[in-house]
Amino acid sequence: MTSANAEQAAPPALDLHRLTRRFGSLTAVDDVSLRLPAGARHAVIGPNGAGKTTLLDLVAGTDRADHGTITLNGTDITRTATAGRSRLGVSRTFQQPSVISELTVLDNVVLAGWTHHPERRGAWRRPSRYRLHTEAAGRHLETVGLADLAHRQAAALSHGQRRMLDLAAALAGEPRLLLLDEPAAGLTDGDIGRLLSVLGGLPDSVALVLVEHHVEVVAQLATSVTVLVAGRVLVTGPTRESLAHPEVREAYRGTGTAAGASPDAPHAVTGPSTDARG
């Protein structure tokens, strides 16, 4: 088989087929289908309440679809528990950083990586294994710029530092699919620069899906975009064309967000979403 044929035969990194999630009379995700190749850099955007966070919940396994299938690298994970998906390579961050305040910065990342170890219970009693996890955690902290704070209690970190710690913990799982829910929300310009540097340096083996309201982050990181409105896919396509699509601009009209702005506008940003369901 030639390399071209091998690429054609390779399954998509993520394949969502007619995914639907209802909450009573509200359909938060409505018949959504999406196929992303290995190494994808994909953004999901839309007005508040469009179903973006719910879609990430379904992929991560923190919520279950009422209908449809989720396939990861050729494996159906629709009914796989969250822990099982993590061990298959799905890592996720949340709108609010999920940091354990009582632990040190280093131990947060060590613990995050440990949950992915196939012998994670017995491995606690093996000093060599702990040392390897500690060394790996240190490398992830170096990547996100927190190495100097490794032994500080996580409770003492600023909001931006907690976000970067959350990202380091997600990277500790050695993800094949990294799901980020508004990673730039509440960050300073300097923090956003660090975030862009870290995510821009991800290897091609990692597929990235982010929900984000900051249009310049989307424009710089994502090569493709899905726009959700009322739980349904309005547009999926290359980033520039999707952001400039007339229907996308109309969907954002009067919402107070800048997601329909030109991707060349460096200051077209918005604050964090206040809608927990995305």
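Cut-offs used in this document
- Residues numbered from 1 in each chain as written.
- Predicted model: local features only at pLDDT ≥ 70, side-chain atom pairs only at ≥ 80, totals over all residues.
- Heavy atoms only, no water.
- Pairing = 2+ DSSP bridges.
- Helix = DSSP H or I, 4+ residues; strand = E, 2+ residues; numbered from the N terminus.
- Axes fitted to C-alpha atoms, helices over the stretch in contact; angles between N-to-C directions.
- Contact = heavy atoms within 4.5 Å.
- 1 Å grid on protein atoms, 1.4 Å probe; cavity = no way out; pocket = protein on both sides within 12 Å on 5 of 7 lines; lining within 4 Å.
- Points joined across faces, edges and corners; volume = space filled by probe spheres on them.
- Nonpolar A, V, L, I, M, F, W, Y, C, P; charged D, E, K, R; others polar.
- Parallel < 35°, antiparallel > 145°, perpendicular 65-115°, else oblique.
- pLDDT = per-residue confidence, 0-100.
- Salt bridge = Lys/Arg side-chain N within 4 Å of Asp/Glu carboxyl O.
- Buried < 20%, exposed > 50% of the residue type's maximum accessible area, 1.4 Å probe, protein only.

1. Some remarks on the sheet that holds strand β3 (residues 41–45)
Reading across from one edge, β6-β7-β8-β3-β9-β10 is the order of the 6 strands in this open sheet, with mixed pairing throughout. Only two strands of the sheet have a single neighbouring strand rather than two, namely β6 (90–92) and β10 (232–238). Direction aside, the axes of adjacent strands within the sheet are offset by 15 degrees on average. Bridge analysis of strand β7 (residues 177–181) against strand β8 (residues 207–211) gives 5 bridges, and the strand direction is parallel. From the neighbouring strand, L177 faces β8, where its bridge partner is A207. Here helix α2 (residues 52–60) sits on the sheet in contact with β3, β6, β7, β8 and β9 (224–229), set at roughly 150 degrees to β7.

2. Thoughts on empty space enclosed by the protein
For the structure on display, the rule yields 2 cavities of 30 Å³ or more. Of the pockets and cavities examined, the largest cavity occupies roughly 70 Å³. Along its surface, the largest cavity is lined by T93, R163, M164, D166, L167, L180, P183 and L195. The element that contributes the greatest number of residues to the lining of the largest cavity is helix α7 (residues 159–172), accounting for 4 residues. Looking at the lining of the largest cavity residue by residue, the classes come out as 5 nonpolar, 1 polar and 2 charged. The space that makes up the second largest cavity amounts to roughly 40 Å³.

3. Section: the packing of α7 against helix α8 (residues 189–200)
Taken N-terminus to C-terminus, the directions of α7 and α8 make an angle of 10 degrees; their axes are 10 Å apart at the nearest point. Judged by the angle between their axes, α7 and α8 are roughly parallel. In this structure, α7 uses G160, M164, L167 and L171 to contact α8, whose residues at the interface are D191, R194, L195, V198 and L199. Here the residues of the contact of α7 with α8 are counted per class, giving 6 nonpolar, 1 polar and 2 charged.

4. Some thoughts on the side chain of H140
Along the chain, H140 falls in helix α6 (residues 127–144). If we ignore the near neighbours within four places in the chain, the residues touching H140 are V109, A168, L171 and A172.

5. Digging into the sheet that holds strand β2 (residues 26–36)
Read from one edge to the other, the open sheet built from 4 strands follows the order β2-β1-β4-β5, with strand pairing classed as antiparallel. In the strand order of this sheet, the two ends are held by β2 and β5 (75–76), each with one partner. Lying on the sheet, α2 is in contact with β1 (14–23), β2 and β4 (67–72); it crosses β1 at an angle near 120 degrees.

6. Some points on the confidence of the model for the protein
Predicted confidence across the protein gives a mean pLDDT of 85, with 82% of residues reaching 70 or more. pLDDT under 50 marks residues 260–276. Its contacts with residues more than four places away, or in other chains, come to 38 contacts.

7. Section: the pattern of salt bridges
Summed over the entire model, instances satisfying the criterion amount to 7 salt bridges. With a shortest N-O distance of 3.4 Å, D66 and R21 are connected by a salt bridge. Of this pair, D66 sits in the loop between α2 and β4 while R21 sits in strand β1, and the two are 45 residues apart along the sequence. We classify R21 as buried; its relative accessible area is 15%.

8. Looking at the environment of A60
As for its placement among the helices and strands, A60 is situated in helix α2. A60 sits in the buried class, given a relative accessible area of 6%. Distance in space between the C-alpha atoms of A60 and L177 is 9.5 Å, their sequence separation being 117 residues. In this structure A60 touches T82, R85, V90, R92 and L179, once residues within four positions along its chain are discounted.

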